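# Survey of secondary and tertiary structure
Below are the chains, spelled out letter by letter.
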Amino acid sequence: MARIGLKPGDPVFVRPDGLVDAGLLDFAQSNPFKKLERESKRNYSTDIRLLLEFLSSRGVEWREATQQDLDDFRNWRCEAPQNPERISGAKWDREAAAFTKLFKWGKVHPLPVDISRQEDRAADAVSSRVSWLTPRTWGLWSDVGLRGHTHGGMAAPGWDSRTEIRNTSFVQLLLSSALRRQEGGSLLTFELPTQRLRHGRYCHGRVAAAVTRSKTSRVFYASIDAVGQVEAYIASERAWAIQRAQAAGRYERLPEMRLITQVTSGRKPKVEWIDRNGVLEEKELSRLNWMDRQLLFLDGPEGPEPAYLWLTEQGLPMTPDRWNGVFRAANQRCDSVLLTEDERKLTRDFRLTEVQGKSPYATPHSARHSAALYMLILLNELFEARYGLTKAERRDFAMLFGDPWWLVKTILGHADVETTKRHYLAPVSHLQLESILAMAETTAEKSEVENLDGVFARLARESSGIQDIDTILDRAAS
């Protein structure tokens, strides 16, 4: 595969007669496609495969597809009552973008679909990826889905907890830092933040530009508790996985290994390494993408060990997209514990709202959204309650340091604050937070936490899209 330029994760399209489609292989090797991130390649390939199957059922080659073919396909995907797996407008827009890229590369004229045309985009394209869980709902989801607890809060008999510390610490890190899955999932051990802020409750670190969506490095913050959980993972599950891998000789058999010799300091730290051929190389830390990072090793007491923070049970670096499987398994376990057999028969999209509210559902991006929502509420609480600022004082403070919206936008790494308001924090964009938070007393830390739970519960009642466990708690009490 390497001889023809294919890399792990690159798609190969197979025709109905069992032969590889040479034309589509060229498309997979083209610059427009190769520039996509690995997950985008996978998503686009899946979308294109579905279209190819549809066209094949009509006896139509993809280069001969017409606008009518694409209109019929769109109708089936989005509207046909006979299709039990209809997709949302946001999903159609992603598929249309994939098809547009293929048809433009193939010089198909006229274009059967073009994402730049308004009529080819969905009018109701609201991202379904945006979701929020309140802090206590995250606690329930983690306890049941990741720790294997029963409805009564006890550990289930026979629960396999071999990766429990890894999974729970990853979730807590994302909830604390608002990092994206790839940003948090590709950290190196020496990038875990350790420098505490003045009051000691948060640490700050820097996320590398190469693993961000904007390709711009930025500072991120994580709580001491979250960092402590990751350190516990490093000292326990991760250390055991490395020991087993070393004993089994897994690292010795790797085709490529870069043994780090030095990590420089300064404004642009560099990583220096030596490869298996004895060649010394270096690269800026911020320019190392997640695939580069998986090749980096440190010289440990028992031999080379990965510098990559998150490892599989086999002691090998865990690709960022594998976290989707961890979240999916946790969602399925929540369903199996918290729903009846009849309630589980329908997929989540087709369940009644009452049933959906009984079992929390989360994705890696939900952690980022939830962290942003939590930050906004805390920042507003600081503005409104703790400092007791007048409106004039708040205006002056905002002119100097930015308002809470701007601060959250900076933490998330957004270029535009309107993106933060419109897509990530819609539940509170229309609410007057000072009136919501007026009841939040901060005379004691315990009181503050309890009142914030009340604030989140109220937001969940008054806004759409926020999962809170009030429904579950009410059912448990009745």
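Below you will find a few notes about this structure.

## Focus on the packing of aromatic side chains
Within the structure shown, the criterion is met by 14 aromatic pairs. Residues Phe170 and Trp310 carry aromatic rings whose centres are separated by 5.3 Å and whose planes lie at 90 degrees to one another, so their mutual orientation is edge-to-face. Remark: Trp310 occurs in the loop between β9 (303–306) and α11 (323–338) and Phe170 occurs in helix α7 (residues 164–177); sequence separation between them is 140 residues. One exposure class covers both Phe170 and Trp310, and it is buried.

## Focus on the sheet that holds strand β6 (residues 270–274)
The strand order across the open sheet formed by five strands is β7-β6-β5-β8-β9, and the pairing between neighbours is mixed. Sheet topology places β7 (280–284) and β9 at the edges, where each strand pairs with a single neighbour. Strand after strand, the sheet turns through a mean of 45 degrees between neighbouring axes, direction not considered. Sheet topology places β6 next to β7; five bridges connect them, and they run antiparallel. Note on β7: the bridge partner recorded for Lys270 is Glu284.

## Some thoughts on the nonpolar core
Membership of the largest hydrophobic core comes to 33 residues, with the highest contact counts inside it found for Trp138, Trp141, Val171, Trp310 and Phe327. Taken together, the elements giving at least two residues each to this core come down to α6 (135–146), α7, α9 (224–248) and α11. A total of six residues in this core trace back to one element, the largest contributor, which is α11. Residues within four places of Trp138 in sequence aside, it is in contact with Leu133, Val171, Leu175, Phe327, Ala362, Thr363, Ser366, Ala367 and Ser370.

## Comments concerning the sheet that holds strand β4 (residues 218–223)
The strand order β2-β3-β4 describes an open sheet built from three strands, whose pairing is antiparallel. Looking at which strands have only one partner, the edges of the open sheet turn out to be β2 (195–196) and β4. Relative to strand β3 (residues 202–207), β2 is paired through two bridges, and the arrangement is antiparallel. Considered in β3, the bridge of Arg196 is made with Cys203. Taken strand by strand, α7 contacts β3 and β4, and its axis lies near 120 degrees from that of β4. Strand contacts of α9: β2, β3 and β4, with the helix running at about 85 degrees to β4, the strand carrying the most contacts.

## Details of unusual backbone geometry
In this chain, His109 is followed by Pro110 through a cis amide linkage whose omega measures -5 degrees. With respect to the helices and strands, the residue Pro110 is situated in the loop between α5 (89–105) and β1 (132–133). In the Ramachandran plot, Ala178 falls in the positive-phi region, its phi being about 65 degrees despite a non-glycine side chain. Relative to the elements of secondary structure, Ala178 occurs in the loop between α7 and α8 (181–185).

## Some points on the packing of helix α3 (residues 38–57) against helix α4 (residues 67–78)
Two elements in contact, α3 and α4, have axes separated by 11 Å at closest approach and are oriented at 115 degrees. Taken as a pair, α3 and α4 cross one another with a handedness that is right-handed. Where α3 abuts α4, its residues Leu50, Leu51, Phe54 and Leu55 lie against Asp69, Leu70, Asp72, Phe73 and Arg77. Counted by class, the contact of α3 with α4 contains six nonpolar, no polar and three charged residues.

## Describing the packing of α4 against α5
Closest axis-to-axis distance for the α4/α5 pair is 11 Å, and the angle between their directions is 155 degrees. On the basis of their axis angle, the class for α4 and α5 is roughly antiparallel. For the pair α4 and α5, the sense of crossing is right-handed. Contacts between α4 and α5 involve Leu70, Phe73, Arg74, Arg77 and Cys78 on the former and, on the latter, Lys91, Trp92, Glu95, Phe99 and Phe103. For the contact of α4 with α5, the class distribution of residues is six nonpolar, no polar and four charged.

## Here we look at α6
A rise of 1.5 Å per residue sets the reference length of α6, with its 12 residues, at 16 Å; its end C-alpha atoms lie 15 Å apart and thus fit the reference within 8%. Listing the buried residues of α6 in full gives Thr137, Trp138, Trp141, Ser142, Val144, Gly145 and Leu146. Gly148 occupies a position one or two residues after α6 and carries a positive phi of about 75 degrees.

## Considering a nonpolar patch on the surface
Taken together, the side chains of Val12, Val14 and Val20 define a hydrophobic patch exposed on the protein surface, amounting to about 240 Å² of accessible area. Look at Val14 and you get exposed, because its relative accessible area is 55%.

## A closer look at the environment of Arg351
Residue placement: Arg351 occurs in the loop between α11 and α12 (353–356). Owing to a relative accessible area of 10%, Arg351 belongs among the buried residues under this scheme. Non-local contacts of Arg351, meaning those with residues more than four positions away in its chain, are made with Asp335, Leu339, Glu343, Arg344, Leu346 and Gln356.

## Overview of the environment of Ala457
With respect to the helices and strands, Ala457 occurs in helix α19 (residues 445–462). Of the residues examined, Ala457 reaches a relative accessible area of 6% and is grouped as buried.

## Looking at the pairing of β6
Two strands pair when backbone bridges link them, and strand β5 (residues 258–263) and β6 are joined in this way by four bridges, in the antiparallel orientation. Bridge pairing in β6 places Ile260 opposite Trp273. A loop of six residues connects β5 with β6, the two strands running antiparallel in sequence, and Gly266 in this loop sits at a positive phi of about 105 degrees. Count of turn residues in the β6/β7 antiparallel hairpin: five residues, of which Gly278 carries a positive phi of about 80 degrees.

Rules behind the numbers
- Residues numbered from 1 in each chain as written.
- Predicted model: local features only at pLDDT ≥ 70, side-chain atom pairs only at ≥ 80, totals over all residues.
- Heavy atoms only, no water.
- Phe/Tyr/Trp six-rings, centres within 6.5 Å; stacked < 30°, edge-to-face > 60°.
- Helix = DSSP H or I, 4+ residues; strand = E, 2+ residues; numbered from the N terminus.
- Buried < 20%, exposed > 50% of the residue type's maximum accessible area, 1.4 Å probe, protein only.
- Pairing = 2+ DSSP bridges.
- Axes fitted to C-alpha atoms, helices over the stretch in contact; angles between N-to-C directions.
- Core = buried A, V, L, I, M, F, W, Y, C linked by side-chain atoms within 4.5 Å.
- Contact = heavy atoms within 4.5 Å.
- Left-handed = near helix turned anticlockwise from the far one by under 90°.
- Nonpolar A, V, L, I, M, F, W, Y, C, P; charged D, E, K, R; others polar.
- Parallel < 35°, antiparallel > 145°, perpendicular 65-115°, else oblique.
- Expected span 1.5 Å × (residues − 1).
- Patch = residues over 30% accessible without salt bridge, like charges linked within 9 Å, V, L, I, M, F, W, Y side chains within 5 Å.
- Areas by Shrake-Rupley, 256 points an atom, 1.4 Å probe, with all protein chains shown as cover.
- Salt bridge = Lys/Arg side-chain N within 4 Å of Asp/Glu carboxyl O.

On their own, these measurements won't tell you what the molecule is for.
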